[in-house]
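If you want the building blocks of each chain, they are given just below.
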Amino acid sequence: MKPIAALSVTPEVYPLIKTGGLADVAGALPAALAAEHVELRTLCPGYRPVLAALEKAEAVARFDDLFGGPARLLAGKAGGLDLFALDAPHLYDRDGGPYAGPDGRDFVDNAYRFGALAKVGAEIGLGLVKAFHPRVVHAHDWQAGLTAAYLHYSGKPRPGSLITVHNLAFQGQFPATVFPALGLPQRAFSIEGVEYYGGVGFLKAGLQLADRVTTVSPTYAEEIQQSHSGMGLDGLLRMRANELAGVLNGIDTEVWNPATDSMIVAPFSAKKLAARAENKKALQARMGLTSAPDRLLIGVVSRLSWQKGLDLLLACLPFFDEHNAQLALLGTGDPGLEAVFQDAARHHPGRIAVHFSYEEGLAHLIQAGADAILVPSRFEPCGLTQLCAMRYGAVPVVSRVGGLADSVIDANEMAIQANCATGLQFSPVTSEALAGALRRCAALFARKAVWKKLQLNGLKTDVSWSNPAKHYAALYREVAPA
Ligand code: ADP
Ligand code: GLC
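Residues numbered from 1 in each chain as written. Chains lettered and ligands numbered in written order. Predicted model: local features only at pLDDT ≥ 70, side-chain atom pairs only at ≥ 80, totals over all residues. Heavy atoms only, no water.

Helix and strand counts for the chain stand at 20 helices and 18 strands. Since a compact globule built from 482 residues should have a radius of gyration of about 23 Å, the 23 Å found for the chain is in line with a globular shape. Buried residues in the chain amount to 59% of all 482 residues. At a minimum sequence separation of 6, the contacts of the chain that also span at least 24 residues come to 70%. Split by element, the accessible area of the chain, about 19,000 Å² in all, is 54% carbon and sulfur. Put simply, the chain has 44 plus and 45 minus side-chain charges, and the middle of one group is 5 Å from the middle of the other. (Helix = DSSP H or I, 4+ residues; strand = E, 2+ residues; numbered from the N terminus. Rg over C-alpha atoms; globule rule 2.2 N^0.38 Å. Buried < 20%, exposed > 50% of the residue type's maximum accessible area, 1.4 Å probe, protein only. Contact = heavy atoms within 4.5 Å. Areas by Shrake-Rupley, 256 points an atom, 1.4 Å probe, with all protein chains shown as cover. Lys, Arg positive; Asp, Glu negative; His and termini not counted. Charge placed at Lys NZ, Arg CZ, Asp CG, Glu CD.)

So, on to unusual backbone geometry. Cis geometry is found at the peptide bond from Y14 to P15, where omega equals 5 degrees. Within the element layout of this structure, P15 appears in the loop between β1 (4-9) and α1 (21-34). Residue S427 is joined to P428 through a cis peptide bond whose omega torsion reads -5 degrees. Among the structural elements, P428 can be located in the loop between β18 (424-426) and α18 (431-446). Of note, the phi angle at Y197 is positive, near 45 degrees, even though the residue is not glycine. Mapped onto the elements, Y197 comes out in the loop between β9 (195-196) and β10 (199-201). Residue Y197 is classed as exposed on the basis of its relative accessible area, which comes to 69%.

This part is about the site of ligand 1. Neighbouring ligand 1 are 19 residues, the closest being G21, R303, K308, S357 and L384. Contact between ligand 1 and R303: an oxygen atom at 2.7 Å from a side-chain N or O atom of the residue. A distance of 3.0 Å separates a nitrogen atom of ligand 1 from a polar atom in the backbone of E359. Here ligand 1 loses 92% of its free accessible area of 560 Å² to cover by the protein chains. (Near = heavy atom within 4 Å. Polar contact = N/O pair within 3.5 Å; in protein donor to acceptor, adjacent residues only side chain to side chain.)

Let's shift gears to the sheet that holds strand β6 (residues 136-140). Pairing in this open sheet of nine strands is mixed, and the strands run β3-β4-β5-β2-β1-β6-β7-β11-β12 from one edge to the other. Each edge of the open sheet carries a strand with a single partner, namely β3 (55-63) and β12 (244-246). Between one strand axis and the next, the sheet turns through 25 degrees on average, direction left out of account. In terms of strand pairing, strand β4 (residues 71-78) meets strand β5 (residues 81-87) through seven bridges, oriented antiparallel. Bridge pairing in β5 links L73 to L86. (Pairing = 2+ DSSP bridges. Axes fitted to C-alpha atoms, helices over the stretch in contact; angles between N-to-C directions.)

Right, let's get into the domain arrangement of the chain. Assigned domains of the chain: these are domain 1 (4-250 + 466-479) and domain 2 (270-460). The distance between the C-alpha centroids of domain 1 and domain 2 comes to 33 Å. Contacts between the two partners involve 18 residues from domain 1 and, on the opposite side, 16 residues from domain 2. Surface buried jointly by domain 1 and domain 2 totals about 1,200 Å² across both partners, of which 61% is contributed by carbon and sulfur atoms. Linking domain 1 with domain 2 are seven residue pairs in polar contact (both at pLDDT 80 or more), by the criterion used here. (Domains from an automatic or database assignment. Buried area = accessible area lost by both parts, 1.4 Å probe.)

Once that is clear, we can look at the side chain of H348. With respect to the helices, strands and loops of the structure, H348 is situated in the loop between α13 (335-347) and β15 (352-355). A polar atom in the side chain of H348 sits 3.3 Å from the side chain of D321.

Structure representation (structure tokens):
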């Protein structure tokens, strides 16, 4: 197979900067695609932690005025990646996260911060860097959405373009007043271009102008073409249906390897599943849960937001008393939700434990020690925690939406007989249906032989990047110019 060079344009990338699964995906793609003879380099903003991690940095381009200040494009290695970091202190050298300040409010100049990212991504695609000529530019989410627009309106021979939607809920909508500074030709401000409801739509622009649109699971690709899940963009997505594909994410099976994971207490594998018990014990101790090897322990690792449906769990708390089960929740987000879960923990000492922080080590221990992992999302483009769960012998209990529907095989009696079940699904996404799923989970947990089969089927499931990487590589080769 002929090698091909490609550029990934992303606002976050593991292990350098992460707020969600997008970072995991952007971080894993280069190694996964290398196996398909794709040389994928990554462009991301030069936030403080990115620049701090950059080794052997070399300035490969300079800009006198990039949206209000001088900037440099640095090439180097960081976190095992071949990275381009956009060093633009006036845009990225500040306190807070990648999108919002320490007060949690979005930065007011996000249109320019990510306009700059997209513009430089497009310029690399058009030949800015002497030693690297990508034939495909792959943009992720709204933050990189304008990349396809800059390429399209450049009027130059250009590489193929692709945008991946990781979450349609975040669209990058800005008032029309930002348009002049973006440096696009006036005609770009139209319905065929970047204009969206009178303003500038970064994601809309990408969906409109990229050669191909992908999202992170086949079911989500279908859902977002329907008016109830299309978040206003379903019409455009239906129009692009022939160029739209759902590619189910994988996880990095090196980072998530229960046999070698240094963040857990006892490594294990399908053959040594009994060793999981040590992790359960350590998890119970760490979270302040009663030490009880035989009680059903349900884990949650999640952002706490409306999307994730964890508020539905609050109506199901009696389940934990009635079934003598335990809950270990790790999450951050909505302060209101944190407060009610904190309250629940106070009223159920030893039974319900919560931890409101972002902690990778604890996330791994929960996957390794919990019996089941709960993901009750209202919508879920893909979801990675259910994939991690299967890799770690925890049984996923998920709502039947998006990538959750595509990745978990429900343990109905037929699937149990056929020995292909990997978890539990419930629908509709209501607290009643969730309570039903929890009761079903407890009943299955009591059937020890069946439960072990669910675990082993999960452990056997290929959740790696190997298949999805083939799919992306094929798409890259389709859109690359001859
Ligand atoms: P999303 O990107 O919508 O938040 P995903 O399931 O795709 O959901 O990805 C979430 C990623 O973030 C997973 O790698 C998960 O392990 C991790 N994660 C989420 N919350 C936490 C947390 N509080 N601490 C550590 N890791 C977390
Ligand atoms: C988004 C989605 C999540 C998906 C992740 C990576 O954050 O919410 O479902 O797994 O992107 O594609």
